[in-house]
Amino acid sequence: MSTSNSYDTDKVVQSANFLKSRMNIKPKLGIICGSGLSGIGEIVCNKTIIAYKEIPSFVESTVPGHKGQLVFGQISEKDVICMQGRFHPYEGYEAWVVGFPIRVMKLLGIEILIITNAAGGINDSFNVGDFMLIKDHISFPGLGGYTPLKGPNDAMFGPRFPPMNEAYDSRLSNLWLQAAKDLKFDSFMRRGVYCNVSGPSYETIAELRMLSKLGGDAVGMSTAQEVVTACHAGMRIVACSLITNKCIMEYDTKETVSHDEVLEVGKKRAKDMEELVVKFLELVQLD
Ligand code: HPA
């Protein structure tokens, strides 16, 4: 576990070398499980589990519903590495920490990253329990300077000024939609723009109305920093939100949103997300 609070390439190398010494597979596929969606890690076959606290330079996740471990093995007969528990800016981590596991995955050989998360639905046509394939994001922390790429560029991973217009890979996104279609999930498979906010407080009504006006379809407290880190490192990304609650956009209502509700909906739809990941991994071709 890391004690020093600045980014250092050696830390990434140290974590990756430790993991390589414990792995007997060479996965090209990485998966990040969102809140309430850690069941994806449970369906990994021939599992090896390594707690974050065992890995040199790694940090520990503090959020209920997040396990804090890496799982290696196979899904759909393809080698995968799965993060059960991610690092959120609101936990107090520096931005580089949030991106750190992604760079470790890069050194382990990961080329494709599947990211899942729980999000609040802003788009009025979305229902609780819908999936939203992320086509793009707006990161308020990122625009405000909270980005894992801040500071000296680590050229081992990518360029100083990486483009983000193709951050969400179109071929992988089409494959994800195909997987949803094959499973007859089309009726609750949406597509939209993910707004990343810092949290941990949920948004005010005025903030949500602003996000809606800016083109946001869903809102959540994760993912964007991981996507920026992975895209910088040349990884291909597909990301999907589970809409766990409808955002409250009107005044004078007794409705509210809570983390328990988010986890509860996660539980109900978790199996569907697992099936989607399995199907996607069946379809995906590795070079
Ligand atoms: N807002 C922010 N993050 C979230 C929400 C929300 O409504 N639901 C799940 N994660």
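Residues numbered from 1 in each chain as written. Predicted model: local features only at pLDDT ≥ 70, side-chain atom pairs only at ≥ 80, totals over all residues. Heavy atoms only, no water.

- Looking at an unreviewed UniProt entry, one finds the protein named Purine nucleoside phosphorylase, with Phallusia mammillata as its source organism.
- In its Sequence similarities (unreviewed entry) section, the UniProt entry covering the protein states "Belongs to the PNP/MTAP phosphorylase family."
- The UniProt entry for the protein carries this comment under Pathway (unreviewed entry): "Purine metabolism; purine nucleoside salvage." (UniProt positions renumbered as here; feature names shortened; annotations may be inferred.)

**Describing the overall build of the protein**
- Summing up its helical and strand segments, the protein has 8 helices and 9 strands in all.
- In terms of overall dimensions, the protein has a C-alpha envelope of 55 × 40 × 35 Å along the principal axes.
- For the protein, the residues scored as buried account for 56% of the 287 residues in total.
- Taking contacts inside the protein between residues at least 6 apart in sequence as the whole, the part at least 24 apart equals 83%.
- If you sum the accessible surface of the protein, you get close to 12,600 Å²; carbon and sulfur atoms cover 51% of it.
- Averaging the locations of the 30 positively and 33 negatively charged side chains of the protein gives two centres separated by 3 Å. (Helix = DSSP H or I, 4+ residues; strand = E, 2+ residues; numbered from the N terminus. Buried < 20%, exposed > 50% of the residue type's maximum accessible area, 1.4 Å probe, protein only. Contact = heavy atoms within 4.5 Å. Areas by Shrake-Rupley, 256 points an atom, 1.4 Å probe, with all protein chains shown as cover. Lys, Arg positive; Asp, Glu negative; His and termini not counted. Charge placed at Lys NZ, Arg CZ, Asp CG, Glu CD.)

**Observations concerning the pattern of salt bridges**
- Per the stated rule, a full pass over the model turns up 8 salt bridges.
- With a shortest N-O distance of 3.2 Å, D130 and R190 are connected by a salt bridge. Of this pair, D130 sits in the loop between β5 (112–121) and β6 (131–139) while R190 sits in strand β7 (residues 189–196), placing them 60 residues apart in sequence.
- With a shortest N-O distance of 2.7 Å, R269 and D272 are connected by a salt bridge. With a gap of 3 residues between them, R269 and D272 both fall in helix α8 (residues 259–283), about one helical turn apart.
- Relative accessible area serves as the criterion here: at 15%, D272 is assigned to the buried category. (Salt bridge = Lys/Arg side-chain N within 4 Å of Asp/Glu carboxyl O.)

**A few points about the UniProt feature "binding site: a purine D-ribonucleoside" (unreviewed entry) in the protein**
- In the numbering used here, UniProt assigns the "binding site: a purine D-ribonucleoside" (unreviewed entry) feature to E203 and N245. Spanning 43 residues, the named residues nonetheless gather at one spot, since no C-alpha pair among them exceeds 12.5 Å.
- Residues contacting E203, with those up to four places away along its chain left out, are V197, L208 and V219.
- By the secondary structure assignment, N245 is in strand β9 (residues 236–246).
- A residue is classified by how much of its surface remains accessible, and N245, at 5% relative accessible area, is buried.
- Once residues lying within four places of it in the same chain are set aside, the contact partners of N245 are A119, G120, G121, V128, V257, E261 and V262.

**Let's talk about the environment of D79**
- In this structure, D79 sits in strand β4 (residues 78–84).
- A C-alpha to C-alpha distance of 7.0 Å links D79 and K28, two positions 51 residues apart in sequence.
- Those residues in contact with D79 that sit more than four places away from it in its chain are I25, K26, P27, K28, L29, G73 and Q74.

**Considering the site of the ligand**
- Residues in contact with the ligand, as listed here, are A118, A119, G120, Y202, E203, V219, G220, M221, T244, N245, C247 and V262.
- The separation between a nitrogen atom of the ligand and a polar side-chain atom of E203 is 3.0 Å.
- For the ligand, the protein covers 95% of the area, taking 260 Å² as the surface of the free molecule.
- Elements with a contribution of two residues or more to the shell around the ligand: β5, β8 (218–220) and β9.
- Split by residue class, the shell around the ligand holds 7 nonpolar, 4 polar and 1 charged. (Near = heavy atom within 4 Å. Polar contact = N/O pair within 3.5 Å; in protein donor to acceptor, adjacent residues only side chain to side chain. Nonpolar A, V, L, I, M, F, W, Y, C, P; charged D, E, K, R; others polar.)

**Comments concerning unusual backbone geometry**
- Residue G199 is joined to P200 through a cis peptide bond whose omega torsion reads 0°.
- Summarising the element assignment, P200 is placed in the loop between β7 and α6 (205–213).
- Non-glycine residue S57 carries a positive phi angle of around 75°.
- Along the chain, S57 turns up in the loop between β2 (45–51) and β3 (69–75).
- According to the relative accessible area criterion, S57 is buried, its value standing at 10%.
- Despite not being glycine, D252 has its phi angle at roughly 55°, a positive value.
- Summarising the element assignment, D252 is placed in the loop between β9 and α8.

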